[in-house]
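Understanding the architecture of this molecule
Residue-level listing of the chains:
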Amino acid sequence: MDGKINLALIYGSTREGRFCDRIVNWAVSEISGRSDFALDLIDPATFDLPTQHGRKESAGLADLTRRIGKADAFIVVTPEYNHGYPAALKFLIDSVSGPWQAKPVAFVSYGGISGGLRAVEQLRQVFAELHAVTIRDSVSFVDPWGKFDTDGRLLDPDAPRKAMATLLARLRWWAVGLRNARKVAPYGEIAA
Ligand SMILES: Cc1cc2nc3c(=O)[nH]c(=O)nc-3n(C[C@H](O)[C@H](O)[C@H](O)COP(=O)(O)O)c2cc1C
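Remember, it's a predicted structure, so these values are computed and weren't measured experimentally.

Conventions used here
- Residues numbered from 1 in each chain as written.
- Predicted model: local features only at pLDDT ≥ 70, side-chain atom pairs only at ≥ 80, totals over all residues.
- Heavy atoms only, no water.
- Buried < 20%, exposed > 50% of the residue type's maximum accessible area, 1.4 Å probe, protein only.
- Helix = DSSP H or I, 4+ residues; strand = E, 2+ residues; numbered from the N terminus.
- Pairing = 2+ DSSP bridges.
- Right-handed = clockwise from strand over helix to strand, strands pointing away.
- Core = buried A, V, L, I, M, F, W, Y, C linked by side-chain atoms within 4.5 Å.
- Contact = heavy atoms within 4.5 Å.
- 1 Å grid on protein atoms, 1.4 Å probe; cavity = no way out; pocket = protein on both sides within 12 Å on 5 of 7 lines; lining within 4 Å.
- Points joined across faces, edges and corners; volume = space filled by probe spheres on them.
- Nonpolar A, V, L, I, M, F, W, Y, C, P; charged D, E, K, R; others polar.

As for the pairing of strand 4 (residues 104-111)
Within strand 4, 8 of the 8 residues are buried, which leaves the element mostly enclosed by the surrounding structure. Here strand 4 shows no split at all, with Pro104, Ala106, Val108 and Tyr110 on one side and Val105, Phe107, Ser109 and Gly111 on the other all buried. Where strand 3 (residues 73-79) meets strand 4, 6 bridges bridge the pair, whose relative direction is parallel. Paired with Pro79 across the two strands is Tyr110, which belongs to strand 4. As a crossover connection, the stretch from strand 3 through helix 3 (residues 87-94) into strand 4 is right-handed. Taken together, the 4 bridges between strand 4 and strand 6 (residues 139-142) define a ladder with parallel strand orientation.

Details of the nonpolar core
Across soluble globular proteins, you tend to see nonpolar side chains buried next to one another. Ile75, Val77, Val108, Met164 and Leu167 are the most contacted members of the largest nonpolar core, which totals 30 residues. If you tally residues by element for this core, the top one is helix 1 (residues 20-31), at 7 residues. Excluding residues that lie within four positions of it along the chain, Met164 makes contacts with Trp26, Ala27, Glu30, Ile31, Ile75, Val108 and Val139. Counting residues in each nonpolar core, the second largest holds 26 residues, with Phe47, Leu49, Leu89 and Val96 among its members.

Topic: the layout of surface pockets
In this structure, the largest pocket encloses a volume near 160 Å³. As for the largest pocket, its lining consists of Val139, Ser140, Phe141, Val142, Lys147, Leu154, Leu155, Asp156 and Pro160. It is strand 6 that provides the largest number of residues to the lining of the largest pocket, a total of 4 residues. Looking at side-chain class alone, the lining of the largest pocket contains 6 nonpolar, 1 polar and 2 charged residues.

This is the structure in structure tokens:
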């Protein structure tokens, strides 16, 4: 149906020694076996972005803008920092505007008792302002630290796998629909 979905998976943490790598690696292992998604990993730790918004163009910003623009759909992998999400993720999101529009965003989160869901709920508000569509279904890891073996595999993978399959199915539905809709009528041309 309508070719591969260009799916950008975005790291939420840039912290040294971040647990985010483990969660991202798991998500990638769930997605990479599927032929209907082409995956791009976007890591704010590797982008040479300007330190202040609007100060100047940079190769890193141009690269980020191009890759967000190319994507049909996003998965944001976020931890919870003080009941919100990391500042580095906000800076990355705010660095680009139009390329987020009329595209779906899903979340994989992790943390203590809330499994990162308080961060996710805040991100829904942010992406609404960017005219992006957030997907109800998410994957949430409560206290994930002891839940992986030394090779990074989940010890009890069934429930997260099922949740990820639902997330991907719904994300794909929106990605195909919105990609077709953007072709018929470019979203940026709609009168405010
Ligand atoms: C600044 C900071 C604030 C945190 N606040 C929360 C919090 O509000 N809720 C929570 O569940 N975990 C919180 N944690 C714990 C994180 O969930 C945990 O450190 C996690 O591994 C962070 O993800 P990362 O290692 O990928 O950066 C916080 C961690 C940091 C560094």
